[in-house]
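Secondary and tertiary structure notes
Listed here are the chains, written in short residue letters.
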Amino acid sequence: MVNVAILGFGVVGSGAAEVLTDNRRVIEKNLGKTVAVKRILDLRDFPDSPFGALVTHDFNDILNDPEISIVAEMMGGSHPAYDFTKACLEAGKSVVTSNKEVVANFGAELLELAAKNGVRYLFEASVGGGIPIIRPMVNDLASNEIISVNGILNGTTNYILTKMLDEGASYEDVLKDAQAKGYAERNPAADVEGLDAARKIVILAALSFGKLLNPNKIYCEGITKISSEDAETAKAFGCSVKLIGHTELVDGKVLAMVSPRMIPCSNPLAGVSDVFNGILVDANMLGECMFYGKGAGKPPTASAVVADIIDIVAHMGQDGVRAPKFEVATDADYADFGAYATKRCFSFANTVDAADKIHKVFGDALTAVVGERIAVISEALTEKDAAEAAAKVGLALVSSIRML
Ligand code: HSE
């Protein structure tokens, strides 16, 4: 019997307890061992929960219990989640987590600490909810160089974009719905402003290129400025609009960014809707490989947490088990975002002479009239060149969205 403790009995924490209990037989069948929840740490009491008797308010009850060998941290936020993780690893307990904030901010240090103490730190659920992405990148793609990763990495914003832009629902209603379904962060600003996706793309960049960037130092733009007119404009060009995390190497340095993108419908990411996430990895031998599944929500995310627990139990006592490995990026590791160029879709307020003005700047680029706006797709432009080109047109710019 392997005893597990859960830190944080919220959406994912209670989900992990339920997966371990409801799927106990299948886990025993596949693993040949029983995994049981022994303790749950939370500030609250849960008298109506079947797990209520396991709840403690004192972290030391877990830290000092020699029978607990694996701790699942699902508290969210950096502190005390990071501090408790560190203490568990130092005490010789393996830790699994869904907490992308801790992984993105402290992952390199915690992996090193785990290795030093002969235990493991796994974080499958920190990116893509229930989608297996971390383990495939660490194991199955170990023979490949990663060229780029493009991902729809936030279930809440994908749900909002789908319901708002495709189905005409109001932003407030859809956000409330996403919160009720347990998709959104405690403060949904992290979802809609792109920070949650930024944390996830820096984790994928670290796995791809070995350097853990600071999520607060990368370019990050959320979905708050995207309108139904943008979706109509995208449709006119055979595209859809999605919030994309992107990473690649530029001149040997790591570029990672989050922004809305117009995506041609021929790209599989364009068809990823609702709470689903899609992660398109381009690897030098495999080529493009798409990972797809539910990116948020209780059972999917909990399933990924339990997958890490099973991985640890299955490899207990074995040496040389593959672990993610990366180091904290220095300033010299960050690519120059100013030099990065993408095609753009510019939308201007339409006027009688708008098409002429646009063609003077963008040549014979593709244009479309959508309602009261006229849009054009440019060649790849840097940030500075894009701003200059849009200003040169001499029309009121209503929207500027990067293409993928
Ligand atoms: N708020 C996150 C999302 C939860 O919507 O994707 C899963 O990480």
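Just so you know, these numbers come straight off a predicted model, no measurement behind them.

Rules and cut-offs
Residues numbered from 1 in each chain as written. Predicted model: local features only at pLDDT ≥ 70, side-chain atom pairs only at ≥ 80, totals over all residues. Heavy atoms only, no water. Helix = DSSP H or I, 4+ residues; strand = E, 2+ residues; numbered from the N terminus. Rg over C-alpha atoms; globule rule 2.2 N^0.38 Å. Buried < 20%, exposed > 50% of the residue type's maximum accessible area, 1.4 Å probe, protein only. Contact = heavy atoms within 4.5 Å. Areas by Shrake-Rupley, 256 points an atom, 1.4 Å probe, with all protein chains shown as cover. Pairing = 2+ DSSP bridges. Salt bridge = Lys/Arg side-chain N within 4 Å of Asp/Glu carboxyl O. Phe/Tyr/Trp six-rings, centres within 6.5 Å; stacked < 30°, edge-to-face > 60°. Near = heavy atom within 4 Å. Polar contact = N/O pair within 3.5 Å; in protein donor to acceptor, adjacent residues only side chain to side chain. Domains from an automatic or database assignment. Core = buried A, V, L, I, M, F, W, Y, C linked by side-chain atoms within 4.5 Å. Axes fitted to C-alpha atoms, helices over the stretch in contact; angles between N-to-C directions. Left-handed = near helix turned anticlockwise from the far one by under 90°. Nonpolar A, V, L, I, M, F, W, Y, C, P; charged D, E, K, R; others polar.

So, about the overall build of the chain. Within the chain, the regular secondary structure consists of 14 helices and 18 strands. For 404 residues, the compact-globule estimate of 2.2 N^0.38 gives 22 Å, and the C-alpha radius of gyration of the chain, at 23 Å, lies within 12% of that figure. Considered along the principal axes of its C-alpha atoms, the chain spans approximately 75 × 45 × 35 Å. Counting over 404 residues, the chain shows a buried share of 55%. Here the contacts in the chain between residues at least 6 apart in sequence split such that 72% fall between residues at least 24 apart. A total of about 17300 Å² of accessible surface is found on the chain, and carbon and sulfur atoms cover 50% of it.

Now for the sheet that holds strand S6 (residues 121-122). In space, the six strands of this open sheet follow the order S3-S2-S1-S4-S5-S6, with parallel pairing throughout. The open sheet has two free edges, formed respectively by strand S3 (55-56) and S6, since each of these has just one partner strand. Relative to S6, strand S5 (residues 94-97) is paired through two bridges, and the arrangement is parallel. Of the residues in S6, the one forming a bridge with Val96 is Leu122.

Summed over all chains, the structure comprises 27 salt bridges. Here Asp311 ties to Arg120 by a salt bridge, and the two come within 2.9 Å at their closest N and O atoms. A residue pair is termed long-range when its members are at least 10 positions apart, and Asp311 in helix H12 (residues 298-314) and Arg120 in the loop between helix H5 (100-116) and S6 qualify at 191 residues. You can call Arg120 buried: its relative accessible area is 15%. Put simply, Lys235 and Glu232 hold a salt bridge, and the shortest N to O gap is 3.6 Å. One end of the pair is Lys235 and the other is Glu232, both in helix H11 (residues 228-236) and three residues apart, which spans about a single turn. Salt bridges here are not isolated pairs; linked through shared partners, they connect Arg120, Glu124, Arg135, Asp308 and Asp311.

For the rest of this paragraph, the subject is the packing of aromatic side chains. This structure, assessed with the given rule, holds 12 aromatic pairs. Consider the rings of Phe346 and Phe348, whose centres lie 6.3 Å apart with planes at 25°: the pair is stacked.

This brings us to the site of the ligand. Near the ligand, the surroundings consist of Lys100, Asn154, Gly155, Thr156, Tyr183, Ala184, Glu185, Asp191, Asp196, Lys200, Gly295 and Ala296. In this structure, an oxygen atom belonging to the ligand sits 2.8 Å away from a main-chain N or O atom of Gly155. Within the side chain of Thr156, a nitrogen or oxygen atom sits 2.6 Å from an oxygen atom of the ligand. When isolated, the ligand has an accessible area of 260 Å², and the protein chains bury 94% of it.

So, on to the domain arrangement of the chain. Assigned domains within the chain: domain 1 (2-135 + 298-327), domain 2 (138-292 + 331-337) and domain 3 (341-403). Using C-alpha coordinates to define each centre, domain 1 is positioned 49 Å away from domain 3.

We now examine the nonpolar core. Core analysis: the largest hydrophobic core is formed by 88 residues, its most contacted members being Tyr121, Ile133, Leu204, Met262 and Ile279. Per element, the largest residue contribution to this core is 10 residues, and it comes from helix H10 (residues 195-209). In this structure, Met262 is in contact with Ala234, Phe237, Cys239, Ser240, Val241, Cys345, Ile377, Ile401, Arg402, Met403 and Leu404, ignoring residues within four places of it in sequence. Listed in part, the 30 residues of the second largest apolar core include Ala17, Val19, Leu31 and Ile309.

Turning our attention to the packing of helix H1 (residues 11-22) against H12. When two helices pack together, their arrangement is given by the angle between their axes and by how far apart the axes lie. Contact pair H1 / H12: the axes reach a minimum separation of 8 Å and the direction vectors enclose 65°. For the pair H1 and H12, the sense of crossing is right-handed. Across from Val11, Val12, Ser14, Gly15, Ala16, Glu18, Val19 and Leu20 in H1, the residues of H12 making contact are Lys298, Thr301, Ala302, Ser303, Val305, Val306 and Ile309. Class assignment for the residues of the contact of H1 with H12 results in nine nonpolar, four polar and two charged.

Okay, helix H4 (residues 81-90) next. Three or four residues apart is the spacing at which side chains of an α-helix point the same way, because the helix has 3.6 residues per turn. Extensive coverage of H4 is indicated by the burial of seven of its 10 residues. Among the residues of H4, Ala81, Tyr82, Phe84, Thr85, Ala87, Cys88 and Leu89 are the ones counted as buried. Immediately downstream of H4, the backbone of Gly92 shows phi near 85°, a positive value.

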